[in-house]
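Each chain, letter by letter, is given below.
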Amino acid sequence: MACWHVTQRSVWTLSENPPALDIKVVPESPLEKNGSRRNALVFSTAYIHQNLASQLHRLSCSTPGGVSAAVRALDLPTDRLQHERSLKSKSTAKFVLLGLFPGLRQANCLVSAVLLIYAVALTANSMLILLIWVDAHLHTPMYFLLSQLALMDLTLISSTVPKMATDFFSGKRNISRVACGTQIFFFLTLGIAECILITLMAYDRYVAVCDPLRYALIMSPKVCLQMAAIAWAGGALTSLAHTAYAMHFPICGSREIAHFLCEVMAILKLVCEDISAYEKAVLVTSTVVLLIPLSFILTSYALIFLAVHRINSTQGRNKALATCSSHLIVVSLYFGPAMLVYMRPTSYHRPTLDQVLFMLGAILTPTMNPLVYSLRNKEVMCALKKVLGDCLSSS
């Protein structure tokens, strides 16, 4: 009788002229310390690749149906195919976004309010960028950096709200793994870039108040472009590293994300591996991106307030305080929610609290920024009146 004798050394022997195919398993020595015995097939991968074709060919020549019988018995190609399909399904599996406060009865009103806020943010930020671009009086370093902040706000809120509203009204809450990673990348890029840019804007205000005679020399157009490039590049590179690392973790069980957007901390809750090392990396990044810039900002404004008290002109003092107070409001809107989200361990995260914080940081803040800078800034209001007057007179 023809036999494949499979031993622990993976030596396959074939008797001559086999009339039928029979596969035997040679029992191995105990595999565990408790003395339990079990049969096992231990295959040498290298030997299989070298000799499987020739062995199956000899079987097919000697015994009709031998190859199919051997394949069914060993089940090697089937297992390998199933493994490849499993890997493919894991890479293409979709996540499910549960949406904004799932289970809320007044969800229609809430989503409508968010869309209204999005329309205000879209209009206000676009108007601010247009005014800075058109009015020559606003072609200064501070307003150039402000236009970059408005552009980041516009992109940030546009990366979250349209998807959330589409999912809610269509009822389709699925999002592919690639789309989820893309949303995480853009969200982190814009958030980190804004933190860097706000820090540079604090430096701009420090130079303007504390060293006004050298302001034009220090804050040259070239330096302003370099500042904007540093903010965008720093955000993109940091985001790319975190997105790639967070998305490589295997997901176990449910793929439901208790959020209205794909976000790193929400994804980590679905991971079935130990993520303590990555949590430390997130903490280090948060310290570099949030705490260190915040300390620079607070130090800059402490020096600014000391310098403002030495100004003899009441008008100049009020102007400096108005500009700086607007900037401090923006700082609190950005850094407050971000620190509460990314500087807490994953075990302390609650879906409802996280969604509230993300609504403050990703939806309300981009809407408030242009309003804070425009309503509290006489130069912006004068430029707006001028543009509106020109439009009305031309019509």
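Residues numbered from 1 in each chain as written. Predicted model: local features only at pLDDT ≥ 70, side-chain atom pairs only at ≥ 80, totals over all residues. Heavy atoms only, no water.

- Within an unreviewed UniProt entry, the label attached to the protein chain reads Olfactory receptor, and the organism entered is Octodon degus.
- The Subcellular location (unreviewed entry) comment attached to the protein chain in UniProt states, word for word, "Cell membrane".
- In its Sequence similarities (unreviewed entry) section, UniProt records this for the protein chain: "Belongs to the G-protein coupled receptor 1 family." (UniProt positions renumbered as here; feature names shortened; annotations may be inferred.)

**Some points on empty space enclosed by the protein**
So, step 1. Counted by the stated rule, this structure contains 2 cavities of 30 Å³ or more.
So, step 2. By volume, the largest cavity is sized at about 440 Å³.
So, step 3. What lines the largest cavity is a set of 27 residues, among which Phe187, Leu188, Gly191, Ala338 and Tyr342 lie closest to the centre.
So, step 4. Contributions of two or more residues to the lining of the largest cavity are made by α7 (177-210), α9 (221-247), α10 (264-268), α11 (276-308), α12 (314-342) and α13 (351-375). (1 Å grid on protein atoms, 1.4 Å probe; cavity = no way out; pocket = protein on both sides within 12 Å on 5 of 7 lines; lining within 4 Å. Points joined across faces, edges and corners; volume = space filled by probe spheres on them. Helix = DSSP H or I, 4+ residues; strand = E, 2+ residues; numbered from the N terminus.)

**Details of the UniProt feature "transmembrane region" (unreviewed entry) in the protein chain**
So, step 1. Per the UniProt record, the feature "transmembrane region" (unreviewed entry) sits at residues 110-134, 178-203, 223-245, 284-308, 320-343 and 355-375.
So, step 2. Taken end to end, residues 178-203 is 100% helix and 0% strand, and its two terminal C-alpha atoms sit 38 Å from one another.

**Considerations on the nonpolar core**
So, step 1. In terms of nonpolar packing, the biggest core is built from 86 residues, with Phe95, Leu149, Cys180, Ile257 and Phe335 touching the most fellow members.
So, step 2. If one sorts the elements of this core by residue count, α7 sits on top with 15 residues. (Core = buried A, V, L, I, M, F, W, Y, C linked by side-chain atoms within 4.5 Å. Buried < 20%, exposed > 50% of the residue type's maximum accessible area, 1.4 Å probe, protein only.)

**Structural notes on the packing of aromatic side chains**
So, step 1. A full pass over the atoms with the stated rule returns 7 aromatic pairs.
So, step 2. Each ring, one from phenylalanine 185 and one from phenylalanine 186, has its centre 5.4 Å from the other, and the planes form 75 degrees; the classification is edge-to-face.
So, step 3. Relative accessible area serves as the criterion here: at 23%, phenylalanine 185 is assigned to the partly exposed category.
So, step 4. When its relative accessible area of 42% is taken as the criterion, phenylalanine 186 is described as partly exposed.
So, step 5. Here the aromatic rings of tyrosine 342 and phenylalanine 358 are separated by 6.5 Å at their centres, their planes lie at 75 degrees, and the arrangement is edge-to-face. Here tyrosine 342 is found in helix α12, whereas its partner phenylalanine 358 is found in helix α13, with 16 residues between them in sequence. By the burial criterion, tyrosine 342 is buried, and phenylalanine 358 matches it.
So, step 6. Taken together, Phe187, Tyr342 and Phe358 form an aromatic cluster joined through their ring pairs.
So, step 7. Taking NZ or CZ as reference, arginine 255 lies 5.3 Å from the ring centre of phenylalanine 95, over its face. (Phe/Tyr/Trp six-rings, centres within 6.5 Å; stacked < 30°, edge-to-face > 60°. Lys NZ or Arg CZ within 6 Å of the ring centre and 35° of its normal.)

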